Amino acid sequence: MVKVKFNLPPDTTFLSSVLYEGVLHATSRYSLNYSYKEAEFKPEFLKEAFKDLRQEEYNNIRITLTGNDNINELLFKKFNIPVKIQNKTLRDTFKNLNENFNLLSIDKEEISLQQVERKGNILMDVNKKEEGISFQLLKTDRYTGFSSLETGYMDKQFTLYLSKELTLIALLGIHYSYVYTSRENNKDNIYFLFNSPDQISELLSKNDKNYINTILDLKENIKSAIRKILQKIYLPELILLELLFNIELVNKIRSGNLDKISTMLFRIKREGNTYKIYEVTPITVFKDSVFTEKIREYFRNSTDTFIKAISGFLKNSYVLNALGSFNMKRKIDEADNILRAVQNLYKFVILGDSQALYGFIRELWNAYNKTDEDSSAGKEYIKLIQSIPSWF
């Protein structure tokens, strides 16, 4: 039996989020028992976890290892996995681990999620850095000021080293939290979706695998919805609106007898041989959102009709194509109007600003007026306008 001890409290750092995402997926499928302090597994649990990875999923993980990373060699050597000449991508790392899952044997009885500072390094589940594995993506938090002023470490950065077992757990976390990679100004934007720290603590303390699986399934639905938007454009307002008006998602939350699901969206960029966190967006989807009460003030018996109309607007291919054209050489004529329509809708839903509701419809009209009324786009915009019920 192998114990994984949770000596690192869940928090909003990337490292903690990745490790606990791996822990949650391993716990939901392979644990013998667990609590908020530790989980117990069969010695083969990592073999089973990497055996169960699906090629169609890890093939989409477009993350390039930095020039300093040797995880695709060092990790394999530590598990006696044949090292092949390959591209320096996590996709190939997952492929090799998946194909050689039977070699992922664990030779210890305890794995500890605990940070120990030693000689200017942060060690996790190893006694010295030579035993560990360093991986740039796990160092996005750029640890500084780890100790008090007396240590002389306040202005220094630390190198993180993980045991081979903890590295595998972190890779599971990366696999199940990865959303999408987009390209902007010759730099990759990499997006990850994690459970919030409060939700992680709740999941581990309830000792209910069905509850964990329900939350993880819902998170996959959120990832899918976000990915569809990111394939066109990164617009936080559009992402939040899509999730708030996602009728299917809200119904799943209700059918699971949940009040909410709480997540965090990380946007990370690679700069040279390092990765940096550019943005963290908390995303919580409620069973009964406050915005529905605001909408009822205006639409009363037509609330459901309005929600359905807005859900259609947010998923509309012409709307998404117009927004996506901001990333193209030639912007669609009505793109600015569609962008302002989304921003006004966001103000109405989040702030209850009635003028923003007028602004939303006005910008849709302006978008329609910039198209040929007989064109497919023109017909679609006028149809969207007509689908919105009157609030007079």
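Residues numbered from 1 in each chain as written. Predicted model: local features only at pLDDT ≥ 70, side-chain atom pairs only at ≥ 80, totals over all residues. Heavy atoms only, no water.

Bringing the layout of surface pockets into the picture now. Taken as a whole, the largest pocket holds about 470 Å³ of empty space. At the level of secondary structure, the elements contributing two or more residues to the lining of the largest pocket comprise α1 (14-30), α6 (164-177), β8 (178-184) and α8 (209-230). By residue class, the composition of the lining of the largest pocket is six nonpolar, eight polar and nine charged. (1 Å grid on protein atoms, 1.4 Å probe; cavity = no way out; pocket = protein on both sides within 12 Å on 5 of 7 lines; lining within 4 Å. Points joined across faces, edges and corners; volume = space filled by probe spheres on them. Helix = DSSP H or I, 4+ residues; strand = E, 2+ residues; numbered from the N terminus. Nonpolar A, V, L, I, M, F, W, Y, C, P; charged D, E, K, R; others polar.)

Glancing now at the packing of α8 against helix α10 (residues 247-255). Axis separation between α8 and α10 bottoms out at 11 Å; the angle between their running directions is 175°. As far as their axial angle goes, α10 and α8 are roughly antiparallel. In contact with L218, N221 and I222 of α8, α10 contributes L249, K252 and I253. (Axes fitted to C-alpha atoms, helices over the stretch in contact; angles between N-to-C directions. Parallel < 35°, antiparallel > 145°, perpendicular 65-115°, else oblique. Contact = heavy atoms within 4.5 Å.)

Here the focus is the sheet that holds strand β10 (residues 260-271). Ordered by their spatial adjacency, four strands build an open sheet running β8-β9-β10-β11, and the pairing between neighbours is antiparallel. The open sheet terminates on both sides in strands that have one partner only, identified here as β8 and β11 (274-286). Within this sheet the neighbouring strands show an average axis-to-axis angle of 20°, counted without direction. Note that β10 and β11 share twelve bridges and pair antiparallel. For I261, the partnering residue across the bridge sits in β11 and is V285. Sheet strands touched by helix α9 (residues 236-244): β10 and β11. Its angle to β11, the strand with the most contacts, is close to 30°. (Pairing = 2+ DSSP bridges.)

It is worth spelling out the environment of L216 at this point. Of note, L216 is situated in helix α8. Among the residues examined, L216 registers a relative accessible area of 4% and is labelled buried. Separated by 192 residues in the primary sequence, L216 and L24 place their C-alpha atoms 8.5 Å from one another. Contact partners of L216, with chain neighbours within four places excluded, come to E21, L24, H25, S28 and N195. (Buried < 20%, exposed > 50% of the residue type's maximum accessible area, 1.4 Å probe, protein only.)

Taken together, the three strands give an open sheet; going across it, the order is β5-β6-β7, and neighbouring strands pair in mixed fashion. Looking along the sheet, the strands with just one partner apiece sit at the ends: β5 (115-118) and β7 (159-162). Neighbour-to-neighbour, the strand axes of this sheet turn through a mean angle of 30°, independent of strand direction. Summarising the sheet, β5 and strand β6 (residues 121-124) pair through four bridges and their orientation is antiparallel. Along β6, the bridge assignment pairs V116 with L123.

For the rest of this paragraph, the subject is the packing of aromatic side chains. Summed over all chains, the structure comprises 14 aromatic pairs. Relative to F266, the ring of F14 has its centre 5.7 Å away and its plane inclined at 65°; by these criteria the two rings are edge-to-face. Separated by 252 residues along the polypeptide, F14 in helix α1 and F266 in strand β10 bring together distant segments of the chain. Its relative accessible area of 0% is what places F14 among the buried residues. The class for F266 is buried, based on a relative accessible area of 0%. For the ring pair F306 and F348, a centre distance of 6.1 Å and an interplane angle of 85° mean the geometry is edge-to-face. Separated by 42 residues along the polypeptide, F306 in helix α12 (residues 303-315) and F348 in helix α14 (residues 335-351) bring together distant segments of the chain. Assigned by exposure class, F306 and F348 land together as buried. (Phe/Tyr/Trp six-rings, centres within 6.5 Å; stacked < 30°, edge-to-face > 60°.)

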